[in-house]
Amino acid sequence: MPLSKSKSLPGIMMLGTSMPKAIDGGFHRKNTLSFKLQHGPVDMLQPPPSPMTAAEKLEGSRELSRPQSAVALEDVIPRNMRQPRVAPAWLKHDKQVLRFYGFFQETVTERQEENSRYRHVKFMYYMEDGTLQMSEPKVENSGIPQGAFLKRHRVPRADGVGFIGPDDFRCGGQISVYGRTYHIAGCDRFTRWFYEENGIDCGEDEPMVEDLWQKSYKFSKTAEKGGLPPSTQAMDAKTLTKFQVGQPPANKKFMQFLLNDRKVLRFKAYWDDPTLYGARIYFIIHYFLSDNTIEINEAHARNSGRDAYPVFFKRGPMYKRNSVNAYPGMLVSDGGLYMPEDLHVGQSINVWGREVVLWDCDDFTQKFYKEYMDVDQRANTIDVSEKPLRHLKLAPPPHNGIGTEEDSLINCQMIQPKPPKADLSKLMVLSGESLRFEAKMANGEPEDECRRFVIAFFPDTDRVAVYELQQRNSGHMAGKFREKSRLKNPATGKYFEMKDFYVGTTVNICAQPLQIIRADEHALQFLEANCDHFPYADPSACAVRLQPLAGEPEMQDERGIEPDRLKELAAERGVSLVDHEVITLLRKFGMDTDSGPVICGPRALEAC
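Read on for a plain summary of the structure. Within each chain, residues carry numbers counting from 1 in the order of the written sequence. Totals for whole chains, interfaces and linings use all residues, but because this is a predicted model, local features are given only for residues with pLDDT of at least 70 and pairs of side-chain atoms are given and counted only at 80 or more. With hydrogens and water excluded, all non-hydrogen atoms of the structure serve as input to the side-chain values.

## Here's the deal with the pairing of strand β14 (residues 354–361)
Phase 1: Burial analysis of β14 places 6 of its 8 residues in the buried class, the great majority of the element.
Phase 2: Being paired, for any two strands, means DSSP has found at least two bridges between them. Secondary structure counts use DSSP, requiring at least four H or I residues in a row for a helix and at least two E residues in a row for a strand, with both numbered from the N terminus. Pairing geometry for strand β9 (residues 264–272) and β14, over 4 bridges, is antiparallel. Counted as the bridge partner of Tyr270 is Val357 from β14.
Phase 3: Taken together, the 4 bridges between strand β13 (residues 348–351) and β14 define a ladder with antiparallel strand orientation. If you follow Val351 over to β14, its bridge partner there is Arg354.
Phase 4: Hairpin geometry of β13 and β14 is characterised by an intervening segment of 2 residues between the two adjacent antiparallel strands and by a positive phi of about 55° at Trp352. Only protein chains enter the accessibility calculation, which uses a 1.4 Å probe. A residue is then buried if its area is under 20% of the maximum for its type, exposed if over 50%, and partly exposed in between.

## Quick word on helix α12 (residues 521–529)
Phase 1: All of the buried residues in α12 are Ala523, Leu524, Phe526 and Leu527. Viewed end-on, α12 has its buried residues packed into an arc of 165°, placing them on one side of the element.
Phase 2: Contacts are assigned to residue pairs that have any heavy atoms within 4.5 Å of one another. Packed against the buried residues of α12 are α11 (424–430), β15 (435–441), β20 (512–519) and α15 (579–589). Note: the arc covers the axis-to-C-beta directions of the helix.

## Let's talk about the packing of helix α14 (residues 563–572) against α15
Phase 1: Angles here are taken between N-to-C directions and fall from 0 to 180 degrees, while the axes themselves are lines fitted to C-alpha atoms, restricted in helices to the stretch in contact. Look at α14 against α15: their axes get within 11 Å of each other, and the N-to-C directions meet at 125°. In terms of their interaxial angle, α14 and α15 are classed as oblique. In this structure, the crossing between α14 and α15 has a hand that is right-handed. Contacts from Pro563, Leu566 and Lys567 of α14 reach α15 at Asp579, Val582, Leu585 and Leu586.
Phase 2: Residues are sorted three ways: Asp, Glu, Lys and Arg are charged, Ala, Val, Leu, Ile, Met, Phe, Trp, Tyr, Cys and Pro are nonpolar, and all the rest, Gly among them, are polar. The residue makeup of the contact of α14 with α15, split by class, is 5 nonpolar, no polar and 2 charged. When an angle is under 35 degrees it counts as roughly parallel; over 145 it counts as roughly antiparallel; between 65 and 115 it counts as roughly perpendicular; any other value is oblique. The crossing is said to be left-handed when, going from far helix to near helix, the turn is anticlockwise and less than a right angle, and right-handed when the turn is clockwise.

## Observations concerning the pattern of salt bridges
Phase 1: The term salt bridge refers to a pairing of a side-chain nitrogen on Lys or Arg with a carboxyl oxygen on Asp or Glu at a separation within 4 Å. Enumeration according to the criterion identifies 34 salt bridges in this entry.
Phase 2: Residue Asp205 pairs with Arg192 through a salt bridge whose shortest N-O separation is 2.5 Å. Of this pair, Asp205 sits in the loop between α5 (189–197) and α6 (212–224) while Arg192 sits in helix α5, and the two are 13 residues apart along the sequence.
Phase 3: According to the relative accessible area criterion, Arg192 is buried, its value standing at 19%.
Phase 4: A salt bridge links Glu224 to Lys221; its shortest N-O distance comes to 3.8 Å. Of this pair, Glu224 and Lys221 both sit in helix α6, 3 residues apart, roughly one helical turn.
Phase 5: A residue is classified by how much of its surface remains accessible, and Glu224, at 61% relative accessible area, is exposed.
Phase 6: By sharing partners, the salt bridges in this structure join Glu106, Arg111, Glu114, Arg117, Arg119 and Glu136 into a single network.

## Focus: the sheet that holds strand β4 (residues 116–126)
Phase 1: Here 6 strands make up an open sheet; going across it, the order is β6-β5-β4-β3-β8-β7 and the pairing antiparallel. Among the strands making up the open sheet, the edge pair consists of β6 (147–153) and β7 (174–177). Ignoring which end each strand starts from, the neighbouring axes of this sheet average 30° apart.
Phase 2: Two strands pair when backbone bridges link them, and strand β3 (residues 97–107) and strand β8 (residues 180–187) are joined in this way by 4 bridges, in the antiparallel orientation. Counterpart to Phe100 in the pairing with β8 is Cys187.
Phase 3: This element, α5, spans β3 and β8 of the sheet and lies at about 115° to β3.

## Digging into the packing of aromatic side chains
Phase 1: Any two of the Phe, Tyr and Trp rings considered here, Trp counted by its six-membered ring, make a pair once their centres fall within 6.5 Å; the pair's planes then place it as stacked at under 30 degrees, edge-to-face at over 60, or tilted in between. For the structure on display, the rule yields 27 aromatic pairs.
Phase 2: A network of ring pairs unites the aromatic residues Phe100, Phe104, Phe123, Tyr125, Phe149, Phe169, Tyr182, Phe190, Trp193, Phe194 and Tyr195 as a single cluster.
Phase 3: Any Lys NZ or Arg CZ found within 6 Å of a ring centre and within 35 degrees of that ring's normal is scored as a charge over the ring. In this structure, Arg280 packs its charged tip against the face of Tyr270, placed 4.1 Å from the ring centre.
Phase 4: The ring of Tyr495 has Arg486 lying over it, and the distance from NZ or CZ to the ring centre is 4.0 Å.

## Concerning the environment of Asn297
Phase 1: For Asn297, the position within the fold is in strand β11 (residues 293–298).
Phase 2: Remark: the alpha-carbon pair of Asn297 and Lys314, spanning 17 residues in sequence, is separated by 8.4 Å.
Phase 3: Not counting the four nearest positions on each side in its chain, Asn297 is found in contact with Tyr282, Phe283, Ile284, His286, Pro310, Val311 and Phe312.

## Quick notes on the pairing of strand β21 (residues 590–593)
Phase 1: Sheet topology places β21 next to strand β22 (residues 596–599); 4 bridges connect them, and they run antiparallel. Within the sheet, the bridge partner assigned to Thr593 lies in β22 and is Gly596.
Phase 2: Taking the residues between adjacent antiparallel strands as the criterion, β21 and β22 are bridged by 2 residues.

## What about the side chain of Gln377?
Phase 1: Mapped onto the elements, Gln377 comes out in the loop between α9 (363–372) and α10 (405–413).
Phase 2: Using a relative accessible area of 2% as the deciding quantity, one classes Gln377 as buried.

## Examining unusual backbone geometry
Leaving glycine aside, a negative phi is the common case for residues, and trans is the common case for peptide bonds.
Phase 1: Despite not being glycine, Lys95 has its phi angle at roughly 65°, a positive value.
Phase 2: Residue placement: Lys95 occurs in the loop between α4 (89–92) and β3.
Phase 3: Residue classification places Lys95 among the exposed residues on the basis of a relative accessible area of 75%.
Phase 4: Positive phi is not limited to glycine here, since Asp462 has a value of about 55°.
Phase 5: Inspection of the secondary structure assignment puts Asp462 in the loop between β16 (452–458) and β17 (463–468).
Phase 6: Note on Asp462: relative accessible area 18%, which makes it buried.

## Quick look at the sheet that holds β14
Phase 1: The sheet built from 6 strands is open, its strands ordered β12-β11-β10-β9-β14-β13 with antiparallel pairing. Because the sheet does not close on itself, it has two edges, and the strands there are β12 (311–316) and β13. Strand-to-strand twist across the sheet, computed as the mean angle between neighbouring axes with direction ignored, equals 30°.

## Let's talk about the nonpolar core
Side chains that are nonpolar tend, in soluble globular proteins, to be buried together.
Phase 1: Ranked by internal contacts, the top residues of the largest apolar core, which has 28 residues, are Leu435, Ile455, Val464, Phe501, Ile509, Leu514 and Leu527.
Phase 2: At the level of secondary structure, the elements contributing two or more residues to this core comprise β15, β16, β17, β19 (506–509), β20 and α12.
Phase 3: Throughout this description, the term nonpolar core refers to a set of buried Ala, Val, Leu, Ile, Met, Phe, Trp, Tyr and Cys residues connected via side-chain atoms within 4.5 Å. Counting residues in each nonpolar core, the second largest holds 23 residues, with Phe267, Val345, Phe368 and Tyr369 among its members.

What follows is the structure, encoded as structure tokens:
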């Protein structure tokens, strides 16, 4: 029988020279529990279940077909694997940390470069147990031991009531920890999302401040790495070196001239001269892109009274800060030259101590800034249109009572006064007309109740005259009470007109209230003939006002209605009838009866 090869010898020879099987070289402790979705913790060391045989599957189907009682979820899941209904903080907020950024100010003594410094810190608030941890980012060459600033623990508040919680942190606010005040400048994205989900405003982020040492340190590091632009002297030295080695450099000024020749930016500006007799002066500013020079010309208006030469600033480079050297050839600081990005409509520039405001530009300038700088110059255009002058007109002096008011007014308007113009058409048509009304004095005095007056109105010149009638034992002489003249109505402040006189009204003449009680026949006929200017004498207009009384039985009576009763009914319906309207209705729709004149209601309603 042939012998087979031994397989154990090669394995013995390889002991200690190769890695054993099932060992990957890691000696970390493996987890025995793992969480799966909708399952809970699973034991990783438990071997997987063996496949079921046909007999076991048949037995399982029989068990499922049998009726079983309801099984609760708590009976299936073990006690140590159940999820509580109210999750505790250590489980609900596991691995959730609120992070804020802040700083505090620390004094520095016996140091010339700085007297204080700002130290930045990070606040880490752990939600699972309410602890707070602070750390300080490490800064290169700071000379300060940085890193862990405050160990993780529950920090009491400054007032001694409770511990610091999420409500104590707000961006832009301050917090005191163990006697030191910190300013909170910002937070991370998760912290802001957490506050917004809970309906709390955590504030806006603020930029972190830098002290003088940090600024100087960054500047020195940037200079060491070559991040600063070279100076003009350095560029001139490089250009001279290229000339010495025979390499012709590109002339920047010549290239700028070739690319931007005849391209000029045009601005409109003004300057308010603050001197004693100074005024606003308008300019046209030309900026030449070919050599970065500026020219300013005055934009003189017509008949401005200024000299004809418009040059205000001769073409040349214009600097933001102007200084005079102590002696020729003295070195001056670089920069300060006005460039296109320094000119913006709505802002001002300094022209040798004068504040010149740019208020508009032309279309080429607008297109240039929009294309190369994405700046809309027309968005800040200033309206410099002057407001129209408003000349104050002096009011004429009051009338002194001598002559007519028109004559006195013309003496104020003309050196050689002329008589006022009269309305000739009115004089030709209404000449000789006189409307007379009888009135009584309504001042409430018993001795004046028996006095009677005649008010005459002359429509051709709108003049008024008042005469007193003779009354026996009145104690007053009859005759002229007010001379014929134009009078002003104290109620309106205007001269008396024809529509101001009607039966039933009270007019003030010579500071006396006169109540008109009736008018003569000629006045009534004249007013009825001119009812377009006097509506109280229009029968149709008066009848229209009786429409609210159409449902009254007294208005349907063919025997008529008395005038006083008609006024009472109209007042109950909210219609105020004056005496002159009642007279107009009596003259048009009146009837004579044994008891006196009445108004025919049906006829008046038919006229509506």
